[in-house]
Amino acid sequence: MSFPWANEYKPSHPAMVWLDEKLPLPRFVYNAIGAGYPVPRNLNYMYNFGVLAGFCLVIQIVTGVVLAMHYAANTGVAFNSTEHIMRDVNWGWMLRYGHANGASAFFVVVYFHIFRGFFYGSYKAPREMIWLLGVAIFLLMMATAFMGYVLPWGQMSYWGAKVITGLFGAIPLVGEPIQTWLLGGFAPDQAALNRFFSLHFLLPFVILGVVILHIWALHIPGSTNPTGVEVKQESDTVPFHPYYTAKDGFGLGVFLIFYCAMLFFAPNALGHPDNYIPANPMQTPAHIVPEWYFWPFYAILRAFTQNFLFFPAKLMGVLAMFSSILVWFLLPWLDKSPVRSGHFRPTFRKFFWLLVIDVAVLGYCGGSPAEEPYVIISQIAALYYFAHFFIILPLVSMTEKPLPLPFSITEAVLGADEAAALAPSAAPAE
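These figures come from a predicted structure and were not determined experimentally.

**Student:** Would you mind going over the nonpolar core in detail, with residue names and values included?
**Tutor:** Grouped together as the largest cluster of nonpolar side chains are 99 residues, with contacts concentrated most on Phe107, Val109, Phe118, Phe138, Trp328 and Tyr385. With sequence-adjacent residues up to four places away left out, Phe138 is seen in contact with Phe107, Val110, Tyr111, Ile114, Phe297, Ile325 and Trp328.

Structure representation (structure tokens):
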């Protein structure tokens, strides 16, 4: 969205004037992330995570391309080529650890980004397309991360691939042929490793393309803000640069402190020790788990332990696992409240924090063995998860009484008196 008060790009140097006439790339950047892009003046640090997610994507692409120059997608040497990168390639250990921990950092900031969207109602009209593209990015991230986890060809890589691709076998009639087609055989082997490596290399660039669409869609209605009130006047906004470039730069610095601490002091903290054992199809690990960022959905998958009528437990678990993410596509229409921000929805706010706790419980159960009491806890948590979206959220949105909203963003930030002083003067009466 271009507001009437947005700063106009005016190049002064003759070379920049010539470039602006022939290829207005500086003008595009100025209007997209520069002083020509007015944004709400009250964005807090929860809005930094979108920029951090983009930074993580760049880290993953850069480190991934370099790692691909030294990795061999062959079941006979894949594990050894990973160790070769760690031991023999200059700075290879940092590239590999940076890539592995970069994936975890990527999911951390994206989870914060998603739950910020939940709380501030970023999925509501007129921003539905931004939300739908964001959920598509998350699904692509999950697919990319799963395929990347297979590439080291350790024990957890192999058996993780076998379990996850085995989910397709639960589909009636066509499941087994689809599973065989995906793997290129009856079990993970050379064909599967080749395919996963090719797709793992390709999908980050697909993600980058969808991210560009995501940002493009964001610029049409403009950014949301913690009040949920739309921009009404010039005093409601500030230029993106220098205000939010500085704020994002500070957030990036804080992020890098934590990222580098993990990278240099605890690079294997989020990994699984079994993946330092070469893949052995004849020896099943005692406890097969995916990476930590899949644990909530893995817990939902394992929550179904009994067949129901003609539906096998495995099939119901697979459907529930995928539905737990696909339900996010329906959020713009499930939440019917006219108020966006959770700050002004007291009942919604309580259930939001219950959802956060519920997802944390699911994550803990997903990383635990498939035994009691974790199974029954994951069943209760999975039941609440779906009840939140399909029952609680629609009912709360139709019945709760929201708190009074401020008239404008300026009023919310400065108070009514200062907002009145900054508001455009009314036209004289005729």
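**Student:** Go over the UniProt feature "binding site: a ubiquinone" (unreviewed entry) in the protein chain with me, naming the residues and quoting the values.
**Tutor:** In the numbering used here, UniProt assigns the "binding site: a ubiquinone" (unreviewed entry) feature to His219. Along the chain, His219 turns up in helix α9 (residues 190–219).

**Student:** Give me the lowdown on the packing of helix α11 (residues 295–302) against helix α12 (residues 313–326), citing residues and values where you can.
**Tutor:** Put simply, α11 and α12 touch, their axes get as near as 7 Å, and they point 145° apart. The element α11 and its partner α12 pack so that their crossing is right-handed. The residues of α12 that touch α11, namely those facing Phe297, Ile300 and Leu301, are Gly317, Val318, Ala320, Met321, Ser324 and Ile325. Here the residues of the contact of α11 with α12 sort into 7 nonpolar, 2 polar and no charged.

**Student:** Break down the UniProt feature "binding site: heme b b562" (unreviewed entry) in the protein chain for me, with residues and values.
**Tutor:** As annotated by UniProt and renumbered to match this structure, "binding site: heme b b562" (unreviewed entry) occupies His99 and His200. Their sequence span is 102 residues, while the largest C-alpha to C-alpha distance among them is just 12.7 Å; these annotated residues converge on one region. Secondary-structure assignment places His99 in helix α5 (residues 92–120). If you trace the backbone, His200 turns up in helix α9. Accessibility expressed as a relative area gives 18% for His200, which makes it buried. Beyond its immediate chain neighbours, meaning those up to four positions away, His200 contacts His99, Thr144, Met147, Gly148 and Leu151.

**Student:** Can you explain the pattern of salt bridges? Please cite residues and give values.
**Tutor:** All chains considered together, the criterion is met by 7 salt bridges. Glu230 serves as the salt-bridge partner of Arg340, at 2.9 Å between the closest nitrogen and oxygen. One end of the pair, Arg340, is in the loop between α13 (331–334) and α14 (346–366); the other, Glu230, is in the loop between α9 and β2 (237–239), and 110 residues separate them in sequence. The partner of Asp335 in a salt bridge is Arg345, and the shortest N-O contact between them spans 3.0 Å. You can see Asp335 sitting in the loop between α13 and α14 and its partner Arg345 sitting in the loop between α13 and α14, a full 10 residues away along the chain. There is no split in this pair, since Asp335 and Arg345 are both buried. Taken together, the shared-partner salt bridges connect Lys124, Asp335, Arg345 and Glu400 into one network.

**Student:** Quick one: what's the story with a nonpolar patch on the surface, residue by residue and with numbers?
**Tutor:** Judged by side-chain polarity, Leu23, Leu25, Phe28, Val29 and Ile33 come together as a nonpolar surface patch covering roughly 500 Å² of accessible area. On the secondary structure map, Leu23 appears in the loop between α1 (14–22) and α2 (25–33).

**Student:** I'd like a description of the side chain of Asp335, backed by residues and values.
**Tutor:** Here Asp335 falls in the buried class, since its relative accessible area comes to 3%. There is a polar contact of 2.6 Å between the side chain of Asp335 and the side chain of Tyr123. Reaching out from Asp335, the side chain makes a polar contact with the side chain of Arg345 at a distance of 3.0 Å. Sequence-distant contacts of Asp335, defined by excluding residues within four places in its chain, comprise Tyr123, Lys124, Arg345, Leu393 and Ser397.

**Student:** Any chance you could break down the packing of helix α3 (residues 49–68) against helix α10 (residues 240–265) for me, citing the residues and the numbers?
**Tutor:** Between α3 and α10, the least distance of the axes is 10 Å, while the angle of their chain directions is 50°. Classified by the angle between their axes, α3 and α10 sit oblique to one another. Considering the relative orientation of α3 and α10, their crossing is right-handed. Side by side, α3 and α10 meet where Val51, Leu52, Phe55, Cys56 and Ile59 of the first sit next to Asp248, Gly251, Leu252, Phe255, Leu256 and Tyr259 of the second.

**Student:** Report on the packing of aromatic side chains, specifying residues and quantitative values.
**Tutor:** Under the definition given, this model contains 38 aromatic pairs. Aromatic pair Phe107 and Tyr293: ring centres 4.1 Å apart, planes at 5°, arrangement stacked. You can see Phe107 sitting in helix α5 and its partner Tyr293 sitting in the loop between α10 and α11, a full 186 residues away along the chain. What makes Phe107 buried here is its relative accessible area of 2%.

**Student:** Tell me about unusual backbone geometry, and name the residues and values.
**Tutor:** The residue after His241, namely Pro242, is reached through a cis peptide bond having omega 15°. Relative to the elements of secondary structure, Pro242 occurs in helix α10. In the segment running from Glu372 into Pro373, the intervening peptide bond is cis, with an omega of 5°. Here Pro373 is to be found in the loop between α14 and α15 (374–399).

Cut-offs used in this document
Residues numbered from 1 in each chain as written. Predicted model: local features only at pLDDT ≥ 70, side-chain atom pairs only at ≥ 80, totals over all residues. Heavy atoms only, no water. Core = buried A, V, L, I, M, F, W, Y, C linked by side-chain atoms within 4.5 Å. Buried < 20%, exposed > 50% of the residue type's maximum accessible area, 1.4 Å probe, protein only. Contact = heavy atoms within 4.5 Å. UniProt positions renumbered as here; feature names shortened; annotations may be inferred. Helix = DSSP H or I, 4+ residues; strand = E, 2+ residues; numbered from the N terminus. Axes fitted to C-alpha atoms, helices over the stretch in contact; angles between N-to-C directions. Left-handed = near helix turned anticlockwise from the far one by under 90°. Nonpolar A, V, L, I, M, F, W, Y, C, P; charged D, E, K, R; others polar. Salt bridge = Lys/Arg side-chain N within 4 Å of Asp/Glu carboxyl O. Patch = residues over 30% accessible without salt bridge, like charges linked within 9 Å, V, L, I, M, F, W, Y side chains within 5 Å. Areas by Shrake-Rupley, 256 points an atom, 1.4 Å probe, with all protein chains shown as cover. Polar contact = N/O pair within 3.5 Å; in protein donor to acceptor, adjacent residues only side chain to side chain. Parallel < 35°, antiparallel > 145°, perpendicular 65-115°, else oblique. Phe/Tyr/Trp six-rings, centres within 6.5 Å; stacked < 30°, edge-to-face > 60°.

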